[in-house]
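Survey of secondary and tertiary structure
Residue-level listing of the chains:
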Amino acid sequence: MILKRKMVLILAMILFALSISPSYAVSYLANAKSGKFHIYNCPTIKHPNAAHFVPYNSRDAAIADGYIPCKRCDP
Ligand SMILES: [Zn+2]
């Protein structure tokens, strides 16, 4: 019985790790209209799922694509 409990606990931890990992993948959102990029939870982003927001997982990648850091969230 104790072994079974451990298995359930391990499975729950794996599922938890899998469920949080996608949020790490997208850390920045670049606005293709303004040419600026933001930390994904920047207060100036009203509609993060809008088509003109491009997700980035690295600051350097956004800069390499020509985006300028937002002054408000300072990514
Ligand atoms: Zn911002």
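Residues numbered from 1 in each chain as written. Predicted model: local features only at pLDDT ≥ 70, side-chain atom pairs only at ≥ 80, totals over all residues. Heavy atoms only, no water.

Let us now look at the coordination of the zinc ion. Around the zinc ion, the donor atoms from the protein are His38 (ND1), Cys42 (SG), Cys70 (SG) and Cys73 (SG), and they sit 2.1 to 2.4 Å away. With 4 donor atoms in place around the zinc ion and angles of 96 to 130 degrees between them, the coordination shape is tetrahedral. In primary-sequence terms, the residues that donate to the zinc ion follow H-x3-C-x27-C-x2-C. Taken together, the positions of Cys42 in the loop between strand S2 (36–39) and strand S3 (53–56) and Cys73 in the segment after strand S4 (68–69) put the pair 31 residues apart, joining distant regions of the chain. Assigned by exposure class, Cys42 and Cys73 land together as buried. (Donors = N, O, S within 2.8 Å, 3.2 Å for Na, K, Ca; no water. Tetrahedral: all angles 85-135°; square planar, octahedral: opposite > 155°, others 65-115°. Helix = DSSP H or I, 4+ residues; strand = E, 2+ residues; numbered from the N terminus. Buried < 20%, exposed > 50% of the residue type's maximum accessible area, 1.4 Å probe, protein only.)

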